[in-house]
Amino acid sequence: MIQPRFEWLLPPPLALPPVLAGFGAPVATLLARRGFWTDIDLARFLNAGAADLAPLELMTDALAALDRIDAAVQHGEPIAIWGDYDADGMTAIAIWVLALRRLGVEPVRYVPSRLAEGYGLSIDGLRSLAGLGVRLVVTCDCGVGNRVEVQAAAELGMDVVVTDHHIPPAVLPAAVAVVDPHRSDCAYPNPDLTGAGLAYRLATALLARHGLEAPDLAALAAIGTIADLAPMTGECRAIVRLGLAELATTRHPGLSGLVARAREDPGPPTARDVGFGIVPRLNAAGRIADAELALDLLVEEDANAAQARLAELEEVNLRRRELTTVAIDIARQMADAAPGVGPLALRHDAWAPGLLGLIAGRLADELARPVAAAALLESEIRGSVRATPDFHVASGLEACGAHLTKRGGHAAAGGFSALPEAWDAFADAFGALPRPFPPDATEVVARPGQLSVDLVLTARHVGWPLLQELGQLAPYGPGHEQPMLAVTGLTVGDARRVGAGADHVSLRLRRGAETIDGIAFSVGAERETPPVGAAVDVVATLEERTFEGEPRLQLRVLDYATADASPLAGRRTLVPTAEPLATVG
C-alpha cells in the first residue's frame, strides 16, 4: 500500500455539466467549475485578443502621457526610458525602444544597478541623464512611489511620465502624467496590466497616432506579463495570446534565440515555455550580472551580436541556478527553525540581493505561507516578499511601513528596504500579520502539502481528444491554472528511477491494452516506487511530448497512490463504464 504524499483536494461532483460546443463532459465539467456555463462567455474568454483591449481613454493620464511623449518625438527632444532590472521592466523598456525606433527616435535606456541604486528612480541616475541632455524621462514598471526623485528631475530640467502598475501611495509624484491602473481615480476596467502590458498599450497607441505598427511588441508584453505572474484572464490573457502568436513567427534574433532555448517540445511556444525558459534567462542578468545584457538582447537587431549575447546569458543563467540552489538550502534550514503558518521573515547577509525574490518565491510555494527574504547590502537591508493567494503583499508591507524606508509591490510580490536596526521590529510585525491579509472570512488559507484537483476522471477519458480540448483552454497561468487531473483506473506497466540523482520516477501506465507515459519529478529516495502490476491513481497534468520524433501523451505526475490507499476510492462507481458522467467529477 502506497499512501499519497500530498492531501488531494477533490472538487465536489457535478452531476449535470453544461453543454458547451466543442467540449465533452469532462472539460465541460472543468469549465463550469471555472464559471463558464454558456458558449458566449466561453468564446469571449478563449478567443481574447486585440478587440478585448479597453479604450485607453479610460486610463487616467494616459492621453496626457501620450501627448507629452509625442511632443518630444516631434520636437526632437532627447527621451530616456527608465525601467526595472526584472523581466517585466526590461521587456517594457524594449517595447518603448522598438516603438520609438519606428518613429525615428533612439531613446536613452536606463536600467538602475540592483546593487548600487536599487529599485526605481534615483537622483544620481537622473543627474546622469540630465548631463546627456535628456528632457523627458518615461518610467516603466516603477516611479509611482518616487515623489522626491520626480521633483529632483524637474529641478534638473526634465519632465517625467510615470507608467507603473504597483500600488500607488497616498500622494502621487508631481509628474507630467502618472499612468497607473491602480490609481483610485482610474476607471480602466483591467487593473492587472503589468509594466510591459502598460507599455504595450501606450506604445501601440502612440504608433497608431502616426498610422504605424511595430513587430514583436506583443511578444515582449507577453513575456513581461507572464514574468510578473499576472492573472491569465482579461486583458492579460489577450496580450499573452497575441504575444505567443508573435513569438511563434518572430524574426527578431534575440527573441527567436530565446524561444529556441526555452521550448520543451517542437511547435509553437507556450506560456510554460516563456515562464520556465525565457523569463529565468532574462532575470538572471539582473540578478547576478548586469541587466543591460538581457536588455541589449531584447533590442538587438543584428543576428551575430544577438547570438553572442545569448551565449553569455546562458552562462549567467547557469551560475544563477547554482547560487540559487545553495541559497534555498540555507533558507529551508532557517525556515525549519520557525514552524507555523504565519508570515515568515528570513535574513541571511550572504545572500545575493538578486536572489531574494527567488528564495522567497520557492519557500512560499513549499511552505504555503508568505515569506520575506532579506540581506544586508552596505548600510541597508533589502528584501523581497512572495506570498500565497490569501495574502496581499503590497498591503502587508504597507501595514509594516513604520519599520521600512522603502516599500512597493502588488498582490503577489513586493520589495522593501529597511535600516539594519529596524530589522527585528519588521520581522516581528510581518510575522504577526494574520492570514488571510487583509482579513477576509471568505478567503481560504493555503496549507502546505495540498494538491487542488480540478477534475476527477477514469483513465479511459485520458487520450488525444482530451488533450486537444484542454489545449483550447491555453494559455494557462495564475487565475487560470493548467488543469490538475485526478485519474483512477491505471495499472503500472513499468516504474524506474531516472535522472542524475535518481530522483525522478519514469512510469508506463496501462489502461487495458494501451499505455500512457508518466513522469514524476523530484521524488525523494524515501518515497516508494509503485510495483509493476499495481493499480494506481495519480494526480497529474496531461501533456504532449516528442520522443524520437513521434508525439506521445504524457502524464506529468504530481502524486500517486495505490488504489487501496487512494483518496479517489470514495469517488469510484460501480455503474457500467459506458456511462461517462458517472466517472467524471
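The structure this text deals with has already been given above.
Residues numbered from 1 in each chain as written. Predicted model: local features only at pLDDT ≥ 70, side-chain atom pairs only at ≥ 80, totals over all residues. Heavy atoms only, no water.

**Focus on the overall build of the protein chain**
Spelled out, the test is: A run of H or I in DSSP counts as a helix once it spans at least four residues, and a run of E counts as a strand once it spans at least two, with each numbered from the N terminus. For the radius of gyration, the atom set is restricted to C-alpha positions; the globular benchmark scales as 2.2 Å times the number of residues to the power 0.38. Partly exposed describes any residue whose relative accessible area lies between the buried limit of under 20% and the exposed limit of over 50%, with all areas from a 1.4 Å probe on protein chains only and scaled to the type maximum. Whether two residues touch is decided by their heavy atoms; if any such pair falls within 4.5 Å, the residues are in contact. Methods summary: accessible areas were calculated by the Shrake-Rupley approach with a probe of 1.4 Å, and residue burial reflects only the protein chains presented. When charges are counted, Lys and Arg contribute as positive and Asp and Glu as negative, whereas His and the chain ends are disregarded. Lysine's charge is taken at NZ, arginine's at CZ, aspartate's at CG and glutamate's at CD.
Regarding its fold elements, the protein chain presents 17 helices and 18 strands. Its C-alpha atoms give the protein chain a radius of gyration of 25 Å, within 12% of the compact-globule value 25 Å for 585 residues. If one aligns the C-alpha atoms of the protein chain with their principal axes, the spans along those axes are about 80 × 55 × 50 Å. Split into buried and exposed, the 585 residues of the protein chain put 52% on the buried side. Long-range pairs, those at least 24 residues apart, make up 68% of the contacts in the protein chain between residues at least 6 apart in sequence. Here the protein chain has roughly 24600 Å² of accessible surface; of this, 54% comes from carbon and sulfur atoms. Looking at the protein chain, you have 49 positive and 72 negative side-chain charges, and the mean spots of the two groups are 4 Å apart.

**A short note on the sheet that holds strand S11 (residues 413-418)**
The cut-off we apply is this: One bridge is not enough; two strands pair if DSSP finds at least two bridges between them. Note on geometry: axes are lines fitted to C-alpha atoms, helical ones only across the stretch in contact, with angles between N-to-C directions running from 0 to 180 degrees.
Strands sit in the order S7-S8-S9-S11-S10 across an open sheet of five strands; the sheet is mixed. The open sheet has two edge strands, strand S7 (344-347) and strand S10 (406-409), and neither has a second partner. The average undirected angle you get between the axes of adjacent strands in this sheet is 15°. Examined bridge by bridge, S7 and strand S8 (residues 371-377) share four bridges and lie parallel to one another.

**Digging into the sheet that holds strand S6 (residues 177-179)**
Overall, parallel pairing links the five strands, which are arranged S3-S2-S4-S5-S6 in an open sheet. Both outer strands of the open sheet, strand S3 (108-110) and S6, are each paired with one neighbouring strand and no more. Across the sheet, the axes of successive neighbouring strands diverge by a mean angle of 20°, strand direction being ignored. Sheet topology note: the strand S4 (residues 136-139)/strand S5 (residues 159-163) ladder contains three bridges and is parallel. Residue pairing across strands places Val137 opposite Val160, the latter belonging to S5. Sheet strands touched by helix H4 (residues 87-102): strand S2 (79-82), S3 and S4. Its angle to S2, the strand with the most contacts, is close to 155°.

**Structural notes on the packing of aromatic side chains**
To be explicit about the condition: Centres within 6.5 Å are what make two rings of Phe, Tyr or Trp a pair, Trp counting through its six-membered ring; a difference in plane orientation under 30 degrees is then read as stacked, over 60 as edge-to-face, and the rest as tilted. Lysine and arginine charges are scored as sitting over a ring when NZ or CZ, respectively, is within 6 Å of the ring centre and within 35 degrees of the ring normal.
Applying the stated criterion across every chain yields a total of seven aromatic pairs. A centroid spacing of 5.8 Å and a plane angle of 35° characterise the contact between Phe391 and Phe437, whose relative ring orientation is tilted. Taken as a pair, Phe391 in the loop between strand S9 (380-386) and helix H15 (393-399) and Phe437 in the loop between helix H16 (423-431) and strand S12 (450-452) lie far apart in primary sequence, 46 residues in all. Each member of the pair Phe391 and Phe437 is classed as buried. Summarising the aromatic geometry, the rings of Phe416 and Phe426 are spaced 4.6 Å apart at their centres and angled 40° between planes, so their arrangement reads as tilted. Of this pair, Phe416 sits in strand S11 while Phe426 sits in helix H16, and the two are ten residues apart along the sequence. An aromatic cluster of at least three residues, connected via ring pairs, comprises Phe391, Phe416, Trp423, Phe426, Phe430 and Phe437. In this arrangement the basic side chain of Arg272 is found over the ring face of Phe276, its NZ or CZ atom lying 4.7 Å from the centre.

**Brief notes about helix H12 (residues 291-299)**
Along an α-helix, a turn takes 3.6 residues, which lines up residues three or four apart on a common side. The following threshold applies: Think of a polar contact as two N or O atoms within 3.5 Å of one another; within protein, one of them needs to be a possible hydrogen donor and the other a possible acceptor, and neighboring residues in sequence only count if both atoms come from side chains.
The element H12 is extensively covered by neighbouring structure, given that seven of its nine residues are classed as buried. Of the positions making up H12, those classed as buried are Ala291, Leu293, Ala294, Leu295, Leu297, Leu298 and Val299. Contacts made by the buried residues of H12 are with H4, S3, helix H8 (217-227), helix H10 (253-262), helix H11 (271-288) and helix H13 (303-336). Residue Asp290 occupies the N-cap position of H12, its side-chain oxygen lying 3.0 Å from the main-chain nitrogen of Glu292.

**Concerning the nonpolar core**
Nonpolar side chains tend to gather and get buried jointly when the protein is soluble and globular. This is how it is decided: Only buried residues count toward a nonpolar core. Its members are Ala, Val, Leu, Ile, Met, Phe, Trp, Tyr and Cys residues joined through side-chain atoms within 4.5 Å.
Counting residues in each nonpolar core, the largest one holds 83 residues, and the members touching the most others are Met59, Ile79, Ile95, Trp96, Leu100 and Leu282. Counting residues per element, this core draws most heavily on H4, which supplies eleven residues. The contacts of Ile79, once residues within four sequence positions are left out, are Ile69, Ala72, Val73, Leu100, Val105, Pro107, Val108, Val134, Leu136 and Val138. Judged by nonpolar contacts, the second largest core, of 40 residues, contains Leu42, Ala459, Ala495 and Tyr560.

**Some points on the side chain of His410**
If you trace the backbone, His410 turns up in the loop between S10 and S11. Classification of His410 by relative accessible area gives buried; the value is 13%. Sequence-distant contacts of His410, defined by excluding residues within four places in its chain, comprise His165, His166, Ile167, Asp228, His392, Val393 and Ala394.

**What to know about the packing of H13 against helix H14 (residues 356-367)**
The geometry of a pair of packed helices is captured by two quantities: the angle between their axes and the separation between those axes. Filter applied, for reference: An angle counts as roughly parallel when it lies under 35 degrees, as roughly antiparallel when it exceeds 145, as roughly perpendicular when it falls between 65 and 115, and as oblique in every other case. Each helix crossing is assigned a hand: it is left-handed if the near helix lies turned anticlockwise from the far helix by less than a right angle, otherwise right-handed if that turn is clockwise. Note that Gly is not counted as nonpolar here; it falls among the polar residues with everything else outside the nonpolar set of Ala, Val, Leu, Ile, Met, Phe, Trp, Tyr, Cys and Pro and the charged set of Asp, Glu, Lys and Arg.
Here H13 crosses H14 at 50°, and the two axes come no closer than 9 Å. Taken together, the axes of H13 and H14 lie oblique to each other. Between H13 and H14 the crossing geometry is right-handed. Each of Arg320, Thr324, Ala327, Ile328, Ala331, Arg332 and Ala335 in H13 lies in contact with H14, whose residues at this interface are Leu358, Ile359, Arg362, Leu363, Glu366 and Leu367. Class assignment of the residues belonging to the contact of H13 with H14 gives a composition of eight nonpolar, one polar and four charged.

**Here's the deal with H11**
Stated precisely, the cut-off is as follows: A helix is expected to span 1.5 Å for every residue after the first. Throughout, bend refers to the angle between the axes fitted to the seven residues that end at a position and the seven residues that start at it.
Relative to the 26 Å expected for 18 residues at 1.5 Å per residue, H11 spans 25 Å between its end C-alpha atoms, a close match to the ideal helical length. The largest bend along H11 measures about 35° and falls at Val279, with the proline Pro280 one to four residues further on. Most of H11 is tucked away: 13 of the 18 residues are buried.

**Focus: the pairing of S8**
Quick note on the threshold: Look down the strands so they point away from you; if the path from the first strand over the helix to the second goes clockwise, the crossover is right-handed.
Within S8, six of the seven residues are buried, which leaves it mostly tucked inside the rest of the structure. Taken together, S7, H14 and S8 form a β-α-β motif whose crossover is right-handed. Where S8 meets S9, seven bridges bridge the pair, whose relative direction is antiparallel. Bridged to Leu376 within S9 is Ile381. The hairpin formed by S8 and S9 contains two residues between the paired strands, and Glu378 there has a positive phi angle of roughly 55°.

**A short note on the environment of Asp88**
Summarising the element assignment, Asp88 is placed in helix H4. Sequence-wise, Asp88 and Arg332 are 244 residues apart; in three dimensions their C-alpha atoms are separated by 28 Å. Every residue in contact with Asp88, bar those within four places of it in the chain, is listed here: Asp141, His165, Thr194, Gly195, Ala196, Gly224, Ala227 and Asp228.

**Details of the pattern of salt bridges**
For clarity, the cut-off: Each salt bridge in this description consists of a side-chain nitrogen of Lys or Arg and a carboxyl oxygen of Asp or Glu lying within 4 Å of one another.
If you walk through the whole model with that rule in mind, you get 34 salt bridges. For the salt bridge of Arg447 with Glu7, the shortest nitrogen-to-oxygen distance reads 2.9 Å. One end of the pair, Arg447, is in the loop between H16 and S12; the other, Glu7, is in strand S1 (residues 7-9), with 440 residues separating them in the sequence. For Arg447, a relative accessible area of 44% puts it in the partly exposed group. The residue Glu398 makes a salt bridge to Arg407 at a minimum N-O spacing of 3.0 Å. Of the residues examined, Glu398 reaches a relative accessible area of 51% and is grouped as exposed.

Note that all results are geometric; they support no functional claim without further evidence.
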